[in-house]
Amino acid sequence: MSTGNPRATLAAACVVGPLMTLVVTGPSVAVPDIGADLHSSLAAAQWVVDGYMLTASSSLAAMGSLADRVGHRRMFTWGMAFFAFWMTVSGLANSILLLDLARAIAGFGSGAALASITAILAQAFDGAARAKAFGLFGTFLGAGLAFGPAFGGALVNLWGWRSVFLVLAAVSALVLLSTPLLPRSEPNKGPRFDWAGSFTFGFAVALFVLALVEGPGRGWTDPVVLGAAVGCLALLVAFVTVERRTEHPMFDLGLFARPQFLAVCVVPLVLAFSFVALVIVLPPYLTSTSGMSALRIGVVLLLLTGPSLVMPALTGLLAQKVSQRALFMVLLGCSAVGAAWLTQVDPGASAAALAGPLLLLGIGYGISLGILDGAAVSAVEPERMGMAAGMFNTVRLASDAVSMAGLGALVTALTKSALDDGAVSAYPGGGDELTSRALQGGLTEAAGTLPAGEVRDRVVGAMADAYGSGLHTTMWIVAAACAVSALVVGVLLSGTKPSGDAPAEPGTAAAPEPATA
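Residues numbered from 1 in each chain as written. Predicted model: local features only at pLDDT ≥ 70, side-chain atom pairs only at ≥ 80, totals over all residues. Heavy atoms only, no water.

### Describing helix α10 (residues 259-290)
And step 1. A rise of 1.5 Å per residue sets the reference length of α10, with its 32 residues, at 46 Å; its end C-alpha atoms lie 44 Å apart and thus fit the reference within 8%.
And step 2. The sharpest bend along α10 reaches about 55° and sits at L278.
And step 3. With 25 of 32 residues buried, α10 is to be regarded as a mostly interior element.
And step 4. Following α10 by one or two positions, G291 has its phi on the positive side, about 70°. (Helix = DSSP H or I, 4+ residues; strand = E, 2+ residues; numbered from the N terminus. Expected span 1.5 Å × (residues − 1). Bend = angle between axes of the 7 residues up to and from the residue. Buried < 20%, exposed > 50% of the residue type's maximum accessible area, 1.4 Å probe, protein only.)

### Concerning the environment of W86
And step 1. Considering the arrangement of structural elements, one finds W86 in helix α4 (residues 72-92).
And step 2. Beyond its immediate stretch of four places on either side in the chain, W86 contacts A102, I105 and A106. (Contact = heavy atoms within 4.5 Å.)

### Observations concerning the nonpolar core
And step 1. Residues M20, I34, F76, L99 and F328 are the most contacted members of the largest nonpolar core, which totals 146 residues.
And step 2. With 17 residues, the top contributor of residues to this core is α10.
And step 3. For L99, the contacting residues outside a window of four places in its chain are I34, L38, V48, S90, A93, W161 and F165. (Core = buried A, V, L, I, M, F, W, Y, C linked by side-chain atoms within 4.5 Å.)

### Describing the environment of D457
And step 1. Among the secondary structure elements, D457 is positioned in helix α19 (residues 454-492).
And step 2. Exposure remark for D457: the relative accessible area of 52% places this residue in the exposed category.
And step 3. Separated by ten residues in sequence, D457 and A447 place their C-alpha atoms 8.6 Å apart.

### Description of the pattern of salt bridges
Any two side chains of opposite charge can pair, on the condition that their charged atoms come close.
And step 1. In total, this model carries two salt bridges according to the counting rule given.
And step 2. R162 is the partner of D37 in a salt bridge, and the nearest nitrogen-oxygen pair spans 3.9 Å. Taken as a pair, D37 in helix α2 (residues 31-38) and R162 in helix α7 (residues 162-176) lie far apart in primary sequence, 125 residues in all.
And step 3. We note a salt bridge from E454 to R458, for which the minimum N-O separation is 4.0 Å. With E454 and R458 both in helix α19 and four residues apart, the pair spans about one turn of that helix.
And step 4. Taking the relative accessible area as the measure of exposure, E454 reaches 62% and is therefore exposed. (Salt bridge = Lys/Arg side-chain N within 4 Å of Asp/Glu carboxyl O.)

Remember that the coordinates give geometry; whether it matters functionally is a separate question.
In structure tokens form, the structure reads like this:
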């Protein structure tokens, strides 16, 4: 194996990590402009984010196995080139269908690049230097998460939504110039990869997301939606069967019988709804109800994402003296209070009114970044840490993909149920069409088709109230889920020691963090 240039390797990793975070959070603020420009339906606009997240998350494990077999540098080069090409296609797309397809296909390149770069970084450094390298890598990942919405908002404000994808493509192309400087490893066959388990799990999640995204528009009894739900259940049954019979399963399902590991897997599932999906759901809400520009939304969302920059380091210090149980209770408590507080913020509220709940939600998520990965691997014996890390990150990525679709579907359904159809009857397209436009951030443009005056004001007011009611009810549900999860996790983790006593190696928490994006 060639060692390559360690500094060039670290530089490449610190660009790729946040890049793969920006590709999720950046376009989130561009969705309103995309929907208006390409005249998309609500479900089609949701797939701009959901499609990418779905393929990136479901392909990560398979791409990692392939990287071991063909060489990490080769897989990284292929993944970045593939990603750059399909990001370019995304930026040039002239229809929402092409954009959705390009984004979904790009997710496979992202999975290949992310699966390879962490292995390459581990090859380039040893001992304490490796821990420092992964610590810096994690810091840049946090920066990508924190500044992603502001980055996307600035680009949309300056050059339009297409620039978000084209800039990402250009940066990816530049990263390719560093590949000759990266370490080159010989292919390693290793144990046989669990292809059956990987595909059954990935397709089950895909069908579940399909049902969630299409359900509000088609109706929950539509054959496509019902077929996706039934297919998901069938594949999950097949997945459990396969995992029990496979010699080297992707998931050792027996680990879920361990209270500590089960607790660690519950937390990212809840946080996916209280933080990850909220980054996607809030931009169109703020555009429609407050009239905020993409740039201003990006700045406001720094209140939510900014704590990710500072809380992991602070949590690392506290973890030496405070038990995992206490930290988990605090982070879930912050998330529960933040979600409940957000229900008290009326549509059209200022950034100052949003600051309190968004900061609390961000603090809860930021604490989790400092302890979750270490807690996952400390729940098992040292020889099974790789399995535990892989299972945990798969659960986290699947939770992110499902939450984005699930939270959007819940807000859509609740908004429709709260809308007074009579109050918006003046809108030519009817209540369903107006809801679709509003939930894409296009309420102002849709209302512009009505004559100015009392009629327009009544329509906008009724739609904004329904949208606010839908989001508020959704956040009450999220708050309740966080509170219940705090109780469950508290019971599961009773008796745990301070995190500093865990056998996780230095840097373990930072290494798997690409999965959070």
